[in-house]
Amino acid sequence: QVQLVESGGGLVQAGGSLRLSCAASDSTFSWRVMGWFRQAPGKEREFVAAVHWSGGPPNYADSVKGRFTISRDNAKNAVYLQMNSLKPDDTAVYYCAANQPFREISTNNDEYDIWGQGTQVTVSS
């Protein structure tokens, strides 16, 4: 079973940047769509971004387009989320997720089978 470990969260002022990292425990990572989701207090978990295992164009939620960039390094079994121009509304626990090998990108969190423990991102105004 693949395990995912996120890092890079923290407290930042509005307009600032953070880079989240997610490390996977085995090489099947290379064949999996990887996604980032977030959950704010009192809200449902929502899709943020996903990147295909083949390196095709990523998919972003409208709320983060132009500000966030997802990327992956299959040699390091890692996926990243570069977050720029952060807003207080971006405050949430951010989760890395993986779906089964050779699936297509999905924005539906039910399509993802493996989840990290989450990392807190807090943006102050």
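Whatever comes next refers back to the structure up there.
The following refers to the structure shown. Sequence order as written defines the numbering, with residues in each chain counted from 1. pLDDT decides what is reported in this predicted model: residues at 70 or higher carry local features, side-chain atom pairs at 80 or more are listed and counted, and totals for whole chains, interfaces and linings draw on all residues regardless. Side-chain measures here rest on the full set of heavy atoms in the structure, leaving out hydrogens and waters.

1. Section: the side chain of R38
Phase 1: Put simply, DSSP marks the helices as runs of H or I at least four residues long and the strands as runs of E at least two long, and each gets a number from the N terminus on. Considering the arrangement of structural elements, one finds R38 in strand 4 (residues 34–39).
Phase 2: Under the rule applied, a polar contact is a pair of N or O atoms within 3.5 Å (in protein, one hydrogen donor and one hydrogen acceptor; residues adjacent in sequence only if both atoms are side-chain atoms). Within the structure, the side chain of R38 is placed 2.6 Å from the side chain of E46, a separation counted as a polar contact.
Phase 3: A polar atom in the side chain of R38 sits 2.9 Å from the side chain of Y94.
Phase 4: Residue contacts are counted whenever heavy atoms from the two residues lie within 4.5 Å of one another. Not counting residues up to four positions away in its chain, the partners in contact with R38 are E44, R45, E46, V48, S63, V64, F68, D89, D90, A92, V93 and Y94.

2. Brief notes about the environment of A92
Phase 1: By the secondary structure assignment, A92 is in strand 9 (residues 92–98).
Phase 2: Contacts of A92, omitting those with residues within four sequence positions, involve R38, Q39, A40, T119, Q120 and V121.

3. Section: unusual backbone geometry
Phase 1: The phi dihedral of S85 is positive, around 50°, even though this residue is not glycine.
Phase 2: Along the chain, the position of S85 falls in the loop between strand 8 (78–83) and strand 9.
Phase 3: The phi dihedral of F102 falls on the positive side, at around 70°, and the residue is not glycine.
Phase 4: Assignment of secondary structure puts F102 in the loop between strand 9 and strand 10 (114–115).

4. Description of the state of the cysteines
Phase 1: We call a pair of cysteine sulfur atoms a disulfide whenever their separation is within 2.5 Å. Taken as a whole and judged by the stated rule, the model has 1 disulfide.
Phase 2: In this model C22 forms its disulfide with C96; the gap between the sulfur atoms is 2.1 Å. With the S-S dihedral at roughly -75°, the linkage between C22 and C96 falls on the left-handed side. On the criterion of sequence distance, the pair formed by C22 in strand 3 (residues 18–24) and C96 in strand 9 is long-range, its members being 74 residues apart. Across this residue pair, the class does not change: C22 and C96 are buried. To sort residues, take the accessible area from a 1.4 Å probe on protein chains only and compare it with the maximum for the residue type: under 20% means buried, over 50% means exposed, and anything in between is partly exposed.

5. Looking at the pattern of salt bridges
Phase 1: Take a side-chain nitrogen of Lys or Arg and a carboxyl oxygen of Asp or Glu: if they are within 4 Å of each other, that pair is a salt bridge. The full count for this structure, using the stated rule, is 5 salt bridges.
Phase 2: Of the charged contacts in the structure, one is a salt bridge between E46 and R38, with a shortest N-O distance of 2.6 Å.
Phase 3: For R38, a relative accessible area of 6% gives the class buried.
Phase 4: Note that R38 and D90 form a salt bridge whose closest N and O atoms lie 2.9 Å from each other. With a gap of 52 residues between them, R38 in strand 4 and D90 in the loop between strand 8 and strand 9 connect regions that are remote in the sequence. Across this residue pair, the class does not change: R38 and D90 are buried.
Phase 5: Bridged by salt links that share partners, the residues R38, E46, R67 and D90 form one connected network.

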